[in-house]
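# A closer look at the structure
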2 protein chains.
Amino acid sequence: MYAIGIDIGGMSIKLGLVNEQGEIICQSRFKTATTVNENVNSMVEHVKNLIEQAKLSQKDILGIGIGCPGAVTSETGVVAYLPNLNWENVPLAKMLNEHFDMPIKISNDANVATLGEVIYGCAKNYSTVVMFTLGTGVGGGIVIDKKLFEGGFSRGAELGHFTLILDGEQCSCGRKGCVECYASATALINQTKQAMLEDKDSSMWTFVNGNIDNVDGRTAFECSKTGDKTANKVVDKYVYYLAESMLSVFNIFRPEAFILGGGISAQGDYLINKLKAHCEKFDYGYRDAPRTEILTAKLGNDAGIIGAAALFR
Amino acid sequence: MYAIGIDIGGMSIKLGLVNEQGEIICQSRFKTATTVNENVNSMVEHVKNLIEQAKLSQKDILGIGIGCPGAVTSETGVVAYLPNLNWENVPLAKMLNEHFDMPIKISNDANVATLGEVIYGCAKNYSTVVMFTLGTGVGGGIVIDKKLFEGGFSRGAELGHFTLILDGEQCSCGRKGCVECYASATALINQTKQAMLEDKDSSMWTFVNGNIDNVDGRTAFECSKTGDKTANKVVDKYVYYLAESMLSVFNIFRPEAFILGGGISAQGDYLINKLKAHCEKFDYGYRDAPRTEILTAKLGNDAGIIGAAALFR
């Protein structure tokens with residue numbers, strides 16, 4: 001049996017037909033339109049095309065899984081709030097069910113990315129897993145006994161929004177000092193720029209061709225690999241923020257595995273080894289506790305589609 | 001059917017026979033002895049006496065539930081580490097099963113206290129519930145869909161040990177700035193003493209008969225009720241620490257209810273109303289999110305026995 005996975009983004013909506021092994025058989029995408037109806041109609045059309053393209057019929061499909069940024073009420077299949085597309089209380093499952101006689105499941109995008117990694121990706125051998133997606137913000141996903149835990153009312157698992165530094169930097173959520181303010185890619189970019197402004201001789205300036213607007217999540221990491229002292233300091237501080245945030249998660253969930261996703265996770269072992277070195281110092285949370293494996297996500301750009309389809313596994 | 005609940009403390013071990021309504025039919029206690037065998041033998045004797053006293057036989061008992069401070073491996077019924085009694089890797093379930101042909105379940109004391117409140121206490125009407133026990137440290141319990149979530153390897157739910165202030169006060173766990181360093185009764189006492197030393201005119205000095213060693217978790221609260229400005233400041237700061245820690249938990253779990261237990265919770269509505277007032281400021285975490293009810297524990301001194309028995313409900 002197959003499942004459809006839909007990955008709703010701010011710029012485009014990606015769709016795929018996924019088999020039981022988590023492989024995408026065929027996929028498509030379209031640019032998001034202005035109105036809810038336009039977007040939903042396009043989804044319907046694209047899903048029908050995918051099924052036809054694979055020479056299947058609707059009875060071969062277990063259901064349609066959808067990953068969506070913003071606030072989702074999974075139980076009712078309602079997208080409560082999706083700021084990027086100006087959606088508010090859109091009964092997406094109900095709207096799709098007018099065209100498809102099959103179950104529709106919707107969850108937060110970070111949640112489905114985590115589920116995808118546990119069912120089909122880097123954490124296949126683990127049951128209780130937590131993930132950070134390090135991007136513009138810090139998203140979070142929690143899987144307990146191979147099942148998604150979305151928090152009460154399906155509105156928890158906001159792992160970017162627990163406090164790292166009380167009364168610290170202003171967070172978009174209204175509070176101050178959240179993990180997201182220090183461990184997101186956005187935060188790393190700000191930390192990198194700050195350090196560059198304080199050290200005009202850093203090789204990071206050459207790396208970005210003298211233009212600070214070219215700084216991204218790789219700048220400090222790549223220059224630290226070539227021995228730039230200021231870049232090293234930026235990376236060490238960032239690792240400290242991230243590792244401390246992870247230790248908090250370890251003490252709360254003691255997951256068998258912890259996954260890093262998002263652009264920053266492309267740093268792979270270079271980042272993982274530094275994180276482990278910090279965690280090793282704290283026996284209560286790591287060294288002498290049951291060990292949490294630290295992994296990097298492997299589904300990449302397909303995580304949204306595959307994770308959404310995994311809602312049916 | 002009945003269940004036995006055993007509450008292992010550092011000074012004494014309390015035991016009770018609990019009915020399906022969560023009422024203690026009869027109970028007993030004994031002072032802890034030096035060796036593991038002495039303690040286990042006394043447990044066996046006391047359990048047998050309780051069953052006899054209630055004119056029941058072992059077949060009327062669903063099982064023996066045990067709440068225990070320190071680190072417990074629930075799956076195997078082994079007390080991995082109980083510093084107060086110098087226990088290390090004690091196979092308690094196996095030892096008791098030599099005397100009782102019934103299931104034995106062991107969990108951390110804060111975990112069983114939470115379960116007891118959800119099954120029989122203040123949170124009976126809720127399914128997903130988190131609790132802080134504010135005492136010497138900050139213990140935590142997590143109940144999801146009426147079932148205890150102990151974290152992977154049954155070693156999570158250490159809610160006193162996520163970061164509130166990165167690089168803050170030294171915590172007993174080895175890290176710095178944990179919730180426990182700011183929100184425990186111990187922390188409140190230190191915060192109270194500090195404020196008193198800075199204000200020799202505070203009425204708190206009269207409250208403790210001029211002896212700072214008499215300060216306890218009530219001192220600042222009681223004097224703030226009579227309008228003492230310094231006491232007010234202590235309470236406000238403590239509420240800030242506690243409410244911010246709670247908001248982090250709300251964002252992670254979005255529980256239907258949050259329970260405050262331990263001595264400090266005796267402040268009841270005076271404390272709860274201040275916590276709510278702080279939480280109300282943050283729409284993302286509280287005001288416009290699905291509402292988390294804030295409750296105070298009601299099982300009191302019996303929480304350990306009743307919660308341990310609740311492992312069989």
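The structure we're discussing is the one just above.
Now for a look at the structure at hand. Everything quoted here is computed from the prediction, not taken from an experiment. (Residues numbered from 1 in each chain as written. Chains lettered and ligands numbered in written order. Predicted model: local features only at pLDDT ≥ 70, side-chain atom pairs only at ≥ 80, totals over all residues. Heavy atoms only, no water.)

### A look at the pattern of salt bridges
To be explicit about the condition: Salt bridge, as used here: a side-chain nitrogen of Lys or Arg that lies within 4 Å of a carboxyl oxygen of Asp or Glu. Helix and strand definitions here come from DSSP, where helices need a minimum of 4 consecutive H or I residues and strands a minimum of 2 consecutive E residues; each element is numbered from the N-terminal end. With a 1.4 Å probe rolled over the protein chains alone, any residue whose accessible area is under 20% of its type maximum counts as buried; one over 50% counts as exposed, and the rest are partly exposed.
Evaluation of the coordinates by the stated rule reveals 14 salt bridges over all chains. A salt bridge links K176 of chain A to D167 of chain A; the shortest N-O distance between them is 3.9 Å. Residue K225 of chain B is joined to E222 of chain B by a salt bridge in which the shortest nitrogen-to-oxygen separation is 3.2 Å. Residue K225 of chain B and its partner E222 of chain B are both found in helix α7 (residues 219-225); the two are separated by three residues, about one turn of the helix. Residue classification places K225 of chain B among the partly exposed positions, given a relative accessible area of 41%.

### Details of the sheet that holds strand β2 (residues 12-18) of chain A
Residues and elements named next belong to chain A. Threshold: At least two bridges found by DSSP between two strands are what make those strands a pair. Axis definition: a line fit to C-alpha positions, over the contact stretch in the case of helices; interaxial angles, taken between N-to-C directions, run 0 to 180 degrees. In what follows, residue pairs with any heavy atoms lying within 4.5 Å of each other are defined as contacts.
Pairing within the open sheet is mixed, and its five strands lie in the order β3-β2-β1-β4-β8. For this open sheet the edge positions go to β3 (24-31) and β8 (104-108), each flanked by a neighbour on one side alone. For this sheet the average axis-to-axis angle between neighbouring strands, irrespective of direction, equals 15°. Of the strands in this sheet, β4 (61-68) and β8 touch helix α3 (residues 109-119), which is tilted by about 105° from β8.

### Quick look at the side chain of T292 of chain B
All names here are of chain B. Put simply, the rule reads: Think of a polar contact as two N or O atoms within 3.5 Å of one another; within protein, one of them needs to be a possible hydrogen donor and the other a possible acceptor, and neighboring residues in sequence only count if both atoms come from side chains.
Within the element layout of this structure, T292 appears in the loop between α10 (283-287) and β13 (293-296). On the accessibility criterion, T292 (2% relative accessible area) is buried. In this structure the side chain of T292 is engaged in a polar contact, spanning 2.7 Å, whose partner is the backbone oxygen of P255.

### Here we look at helix α8 (residues 229-253) of chain A
Residue and element names in this part refer to chain A. To be explicit about the condition: A helix is expected to span 1.5 Å multiplied by its residue count minus one.
Counted at 1.5 Å a residue, the expected span for α8 with its 25 residues is 36 Å, and the 35 Å between its end C-alpha atoms agrees. Within α8, 19 of the 25 residues are buried, which leaves it mostly tucked inside the rest of the structure. Capping of α8 at its N-terminal end is provided by D228; its side-chain oxygen lies 3.2 Å from the backbone amide nitrogen of T230. Once α8 finishes, R254 follows within two positions and takes phi at roughly 40°, a positive value.

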